[in-house]
Amino acid sequence: MNLRWYARRLASMSPAELAGRGRDELVRWRWRRRQVIDAGADPARVPADCPPFAARLPAAGAAVPEEARVRLKEAAEGLLGGRWPMLGHDREDMVAAPDWFLDPGTGRRAPDRAYCFDIDHRDPVVVGNLKQVWEPSRHQHLTVLAAAYHLGGEDRYADAVAAQLRSWWTANPFLSGIHWTSGIELGLRLLSWVWLRRLLDGWPGAGPLFEGNPAFLRQLRHHQEWLARLPSRGSSANNHLLAELAGQFAASCAFPWFPESATWRSAAAARLGPELARQTFADGLNRELATEYHGFVLELGLAAALEGERAGHPLGGQVWDTLRRMTDALAAVVDVRLRPPRQGDADDGHGLLLDPPGYDRWASLLATGAALFGPASWWPARPPPTDLRTPLWTRLAPGPPPGGARPPRRPSLFGGAGMALLRDLDGRPDELWCRADHGPHGYLSIAAHAHADAL
């Protein structure tokens with residue numbers, strides 16, 4: 001344990017945050033007796049008879065570009081062979097039952113049966129490279145594999161998804177091991193599970209794997225209970241909190257099978273809109289002042305808002321206005337290649353992943369934004385979309401979201417975020433431009449992702 005780190009962290013907290021974290025510690029102490037060592041002996045009560053899954057996805061059909069289909073097929077075949085690129089490593093072990101606790105870079109294995117809150121997840125001697133351990137358990141490689149099933153209908157893709165999910169649910173009983181230590185991981189897993197069920201809807205095994213499976217229902221209950229009781233607080237309430245709220249909201253919309261589902265949904269909805277607005281400057285840029293996190297938060301917000309529209313529980317105009325401002329801000333800051341400035345740090349995180357590696361994240365987000373909001377007159381020229389996200393996500397929207405004001409011309413000055421862009425106006429491939437940074441030092445007291453400003 002790094003006592004100096006903890007001392008500095010405590011010094012950054014307000015009295016209210018300290019009080020809230022004290023209450024959280026009491027929950028963790030009480031929950032110790034609830035730790036489950038054997039997933040088969042989990043005593044959690046779950047519904048005996050869930051209604052059929054209703055959050056279906058209209059067929060995308062010819063709307064999916066051929067380039068996206070080809071990339072998806074190649075990635076799916078690679079996954080069937082255990083191959084998947086992950087955070088700079090080409091994994092070869094993503095088979096039916098991967099080792100969910102292995103860091104492939106160091107060979108170290110994170111704890112799998114220790115009480116989760118006893119694990120010092122910041123110590124690489126204990127857990128290895130934690131991001132390498134956590135990333136597969138976001139199950140975003142499985143949403144890509146399920147998307148291949150959705151488009152091609154090949155049962156072997158669905159079978160592979162099911163095998164890995166069963167493996168994970170067995171290997172990760174409630175409160176045991178590294179995958180129960182952080183709320184952002186639980187929130188992202190819930191988003192993946194919602195889309196896994198949706199994408200596998202035509203497969204005969206989907207119902208028995210999800211709503212007919214007590215193992216899944218216990219995991220679903222535990223994830224949502226965890227997020228309801230232990231949200232990120234104070235100086236940690238950045239994109240982590242948004243991921244927690246988005247996952248909680250989406251899961252309670254798509255899987256409303258518990259007595260607490262309506263409470264979980266309404267509580268997440270009540271916080272998600274104001275929190276998304278709080279973490280976004282009026283000019284549309286994310287307050288963490290890190291470009292990759294702007295994309296991450298935009299993905300989270302769109303996924304949650306679309307889920308609410310589909311379920312008949314819309315998040316409302318405030319959320320859509322924030323997402324529109326974020327999309328316009330992204331369109332304003334990209335260069336002629338549709339690349340935004342490289343500001344702050346990045347962890348290659350996705351709010352929800354449907355496209356395999358090789359797709360253009362920023363062009364995809366702009367394509368989805370154009371489909372939802374319509375491109376403003378000053379948006380940069382864009383090639384026809386070649387992503388899977390846009391045709392699948394936009395099929396959840398019953399119609400255009402509520403209207404809102406748009407910038408009349410392309411902004412070059414973002415006063416709140418402290419970004420000024422000096423650039424050519426002709427948009428040629430040899431464009432010259434410069435970003436001047438004169439803004440605040442990141443978000444909240446620890447400014448977690450604005451490392452460039454620390455220089």
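Residues numbered from 1 in each chain as written. Predicted model: local features only at pLDDT ≥ 70, side-chain atom pairs only at ≥ 80, totals over all residues. Heavy atoms only, no water.

On to the overall build of the protein chain, then. Tallying secondary structure elements over the protein chain gives 16 helices and 5 strands in all. The globule rule puts the C-alpha radius of gyration for 455 residues at 23 Å, and the 22 Å found for the protein chain is close to it. Projecting the C-alpha coordinates of the protein chain onto the three principal axes gives extents of approximately 65 × 55 × 40 Å. When the 455 residues of the protein chain are sorted by exposure, 55% land in the buried category. Taking contacts inside the protein chain between residues at least 6 apart in sequence as the whole, the part at least 24 apart equals 76%. Carbon and sulfur atoms form 55% of the exposed surface of the protein chain, whose accessible area is close to 18500 Å². (Helix = DSSP H or I, 4+ residues; strand = E, 2+ residues; numbered from the N terminus. Rg over C-alpha atoms; globule rule 2.2 N^0.38 Å. Buried < 20%, exposed > 50% of the residue type's maximum accessible area, 1.4 Å probe, protein only. Contact = heavy atoms within 4.5 Å. Areas by Shrake-Rupley, 256 points an atom, 1.4 Å probe, with all protein chains shown as cover.)

Moving on to the pattern of salt bridges. Under the counting rule described, the total for this entry stands at 33 salt bridges. Residue Glu 185 is joined to Arg 138 by a salt bridge in which the shortest nitrogen-to-oxygen separation is 2.9 Å. Taken together, the positions of Glu 185 in helix α8 (residues 183-199) and Arg 138 in the loop between α5 (130-134) and α6 (140-152) put the pair 47 residues apart, joining distant regions of the chain. The closest approach of N and O atoms between Asp 335 and Arg 337, which form a salt bridge, is 3.3 Å. (Salt bridge = Lys/Arg side-chain N within 4 Å of Asp/Glu carboxyl O.)

Here we take up empty space enclosed by the protein. Think of a ball as big as a water molecule: rolled over the atoms, this probe shows where empty space is left. Scanning the model with the defined rule gives 2 cavities of 30 Å³ or more in all. Looking at the largest cavity, its volume works out to about 110 Å³. Considering the residues around the largest cavity, the lining is formed by Leu 285, Asn 286, Leu 289, Ala 290, Thr 291, His 294, Leu 330, Val 333, Pro 340, Pro 341, Gln 343 and Met 419. Those elements that provide at least two residues to the lining of the largest cavity are α13 (291-311) and α14 (317-333). Taken as a whole, the second largest cavity holds about 30 Å³ of empty space. If you go around the second largest cavity, the residues you meet are Leu 242, Ala 246, Leu 272, Leu 276, Val 297, Leu 300 and Gly 301. Among the elements that line the lining of the second largest cavity, the one with the most residues is α13, at 3 residues. (1 Å grid on protein atoms, 1.4 Å probe; cavity = no way out; pocket = protein on both sides within 12 Å on 5 of 7 lines; lining within 4 Å. Points joined across faces, edges and corners; volume = space filled by probe spheres on them.)

Take the environment of Asp 348 next. Structurally, the position occupied by Asp 348 is in the loop between α14 and α15 (361-373). Each C-alpha atom, one on Asp 348 and one on Leu 366, is 18 Å from the other, the two residues being 18 residues apart in sequence.

What follows deals with helix α7 (residues 155-171). Over its 17 residues, α7 extends 24 Å from the first C-alpha to the last, a length consistent with the 24 Å expected when each residue adds 1.5 Å. All buried positions along α7 are accounted for by Tyr 157, Ala 158, Ala 160, Val 161, Ala 162, Gln 164, Leu 165, Ser 167, Trp 168, Trp 169 and Ala 171. Those residues of α7 hidden inside the fold are in contact with α3 (66-80), α6, α8, α9 (206-209) and α10 (214-229). (Expected span 1.5 Å × (residues − 1).)

So, about the layout of surface pockets. Here the second largest pocket is characterised by a volume of approximately 480 Å³. Taken together, 19 residues make up the lining of the second largest pocket; nearest its centre are Asp 348, His 350, Leu 353, Pro 357 and Tyr 359. Put simply, the parts of the chain that give the lining of the second largest pocket at least two residues each are β1 (84-86), α6 and α15. Considering each element in turn, the lining of the second largest pocket owes the most residues, 3 residues, to β1. Its residues placed into classes, the lining of the second largest pocket shows 9 nonpolar, 5 polar and 5 charged. (Nonpolar A, V, L, I, M, F, W, Y, C, P; charged D, E, K, R; others polar.)

Take the side chain of Thr 181 next. Counting through the fold element by element, Thr 181 comes out in the loop between α7 and α8. One polar contact links the side chain of Thr 181 to the main-chain carbonyl oxygen of Ile 178, over a distance of 2.9 Å. If sequence neighbours within four positions are ignored, Thr 181 has contacts with Cys 116, Phe 117, His 121, Trp 134 and Trp 226. (Polar contact = N/O pair within 3.5 Å; in protein donor to acceptor, adjacent residues only side chain to side chain.)

Further remarks concern the pairing of strand β4 (residues 419-423). The buried fraction of β4 amounts to 4 of the 5 residues, a majority that puts the element mostly inside the structure. Looking at chain direction, strand β3 (residues 413-414) and β4 are connected through 2 bridges and run antiparallel. Of the residues in β4, the one forming a bridge with Leu 413 is Ala 420. Here β3 folds back onto β4 in antiparallel fashion, the turn holding 4 residues, of which Gly 418 has a positive phi close to 70 degrees. Pairing between β4 and strand β5 (residues 433-437): 5 bridges, direction antiparallel. Paired with Arg 423 across the two strands is Trp 433, which belongs to β5. (Pairing = 2+ DSSP bridges.)

Here we come to the environment of Pro 385. Within the secondary structure, Pro 385 is located in the loop between α15 and α16 (389-393). Separated by 10 residues in the primary sequence, Pro 385 and Pro 375 have C-alpha atoms spaced 13 Å apart. Contact partners of Pro 385, with chain neighbours within four places excluded, come to Pro 65 and Ala 367.

So, on to the packing of aromatic side chains. In this structure the tally under the stated criterion is 16 aromatic pairs. Seen in terms of ring centroids, Phe 53 and Phe 255 are 6.0 Å apart; in terms of plane orientation they differ by 45 degrees. Their pairing is tilted. Of this pair, Phe 53 sits in the loop between α2 (15-31) and α3 while Phe 255 sits in the loop between α11 (239-254) and α12 (261-278), and the two are 202 residues apart along the sequence. The pair Phe 53 / Phe 255 is uniform in exposure class, with both members buried. Among the aromatic residues, those joined into a cluster by ring pairs are Phe 53, Trp 168, Trp 169, Trp 193, Phe 210, Phe 216, Phe 255 and Trp 257. Its guanidinium or amino end placed over the ring of Phe 117, Arg 28 lies 4.9 Å from that ring's centre, counting from NZ or CZ. Against the face of Trp 29 rests Arg 33, its NZ or CZ located 5.9 Å from the ring centre. (Phe/Tyr/Trp six-rings, centres within 6.5 Å; stacked < 30°, edge-to-face > 60°. Lys NZ or Arg CZ within 6 Å of the ring centre and 35° of its normal.)

Taken in spatial order, the 3 strands line up as β3-β4-β5 in an open sheet, and their pairing is antiparallel. At either margin of the open sheet sits one strand with a lone partner, and together these are β3 and β5. On top of the sheet, α14 reaches β3 and β4; it is set at about 40 degrees to β4, its chief contact. (Axes fitted to C-alpha atoms, helices over the stretch in contact; angles between N-to-C directions.)

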